[in-house]
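Each chain is listed here by its residues.
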Amino acid sequence: MERKINRIAPLHAVGAYQTYSITQRPDVLVRAACQQVGCGAWINGWESTIDETTTQGQAQAKYIRTQSGRTFREQRTAAGLTVFRFEPRQRCFAEHKTNPETYGVRAGDWRGNPTGWNRQHQRPADWVEDFGEHQQRIADQQKKG
């Protein structure tokens, strides 16, 4: 069943409008940084408990100490395990994936893009700034009459 869209009839020609959009393709996943996905380990820090009596545990501990590039404190438990406490705001060891968002601006409205002009913002903050400036121009024009 097709959903009918209820649109207000435009007051001006299609070229008098600009459309701002945020889109996300559901079939695309990209590698993302901890900060982008709101990773709890990145926000709060985390602990990794390693049993260095095993070959795997020795390899993990060696990697953390010599190659991980992360900031941590190291402690031993009463059971002889090594606990690495990692500080917040650094990349965890998980590989995160996310659906990238596209921040677009184009000429026209739902009826089309008469000039073919469009812009793709690289950062959400740039899109928000552009949108705010556009809204301010409209408000200024309304005050002028």
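Since the structure is predicted, the reported quantities are computational estimates derived from the model, not experimental observations.

This part is about the pairing of strand S7 (residues 101-107). Bridge count for strand S1 (residues 18-24) against S7 is seven bridges, and the pairing is antiparallel. Bridge pairing links Thr 19 to Arg 106 in S7. Of the pairings in the sheet, the one linking S7 to strand S8 (residues 118-121) comprises four bridges and is antiparallel in character. Paired with Arg 106 across the bridge in S8 is Asn 118.

This part covers the confidence of the model for the chain. When pLDDT drops low, the exact placement of atoms in the prediction is not to be read closely. When the pLDDT values of the chain are averaged, the result is 93; 99% of them are 70 or greater. Mean pLDDT across the elements of the chain ranges from a minimum in strand S2 (residues 30-32), with 88, to a maximum in strand S5 (residues 82-86), with 98.

What follows deals with the sheet that holds strand S3 (residues 46-50). Taken together, the three strands give an open sheet; going across it, the order is S3-S5-S4, and neighbouring strands pair in antiparallel fashion. The open sheet has two free edges, formed respectively by S3 and strand S4 (72-76), since each of these has just one partner strand. Here the strands of the sheet are splayed against their neighbours by 20° on average, with no regard to which way each runs. Bridge analysis of S3 against S5 gives five bridges, and the strand direction is antiparallel. Bridge assignment links Ser 48 to a residue of S5, and that residue is Phe 84. Relative to S5, helix H3 (residues 55-66) is tilted by about 30°, and along the sheet it contacts S3, S4 and S5.

Charged atoms that come close allow side chains of opposite charge to pair. Evaluation of the coordinates by the stated rule reveals seven salt bridges. Two residues, Arg 123 and Asp 126, come together in a salt bridge whose shortest N-O distance is 2.8 Å. The partly exposed category is assigned to Asp 126, whose relative accessible area is 25%. Salt bridges linked by common partners bring Glu 52, Arg 65, Glu 74 and Arg 76 together as one network.

Moving on: the nonpolar core. Ranked by size, the top nonpolar core spans eleven residues in total: Cys 34, Cys 39, Ala 41, Trp 42, Trp 46, Ile 50, Ala 61, Ile 64, Phe 84, Phe 86 and Cys 92. Those elements giving two or more residues to this core turn out to be helix H2 (40-44), S3, H3 and S5. If we ignore the near neighbours within four places in the chain, the residues touching Ala 61 are Ile 50, Glu 52 and Phe 84.

Each value, and the rule that gives it
Residues numbered from 1 in each chain as written. Predicted model: local features only at pLDDT ≥ 70, side-chain atom pairs only at ≥ 80, totals over all residues. Heavy atoms only, no water. Pairing = 2+ DSSP bridges. Helix = DSSP H or I, 4+ residues; strand = E, 2+ residues; numbered from the N terminus. pLDDT = per-residue confidence, 0-100. Axes fitted to C-alpha atoms, helices over the stretch in contact; angles between N-to-C directions. Contact = heavy atoms within 4.5 Å. Salt bridge = Lys/Arg side-chain N within 4 Å of Asp/Glu carboxyl O. Buried < 20%, exposed > 50% of the residue type's maximum accessible area, 1.4 Å probe, protein only. Core = buried A, V, L, I, M, F, W, Y, C linked by side-chain atoms within 4.5 Å.

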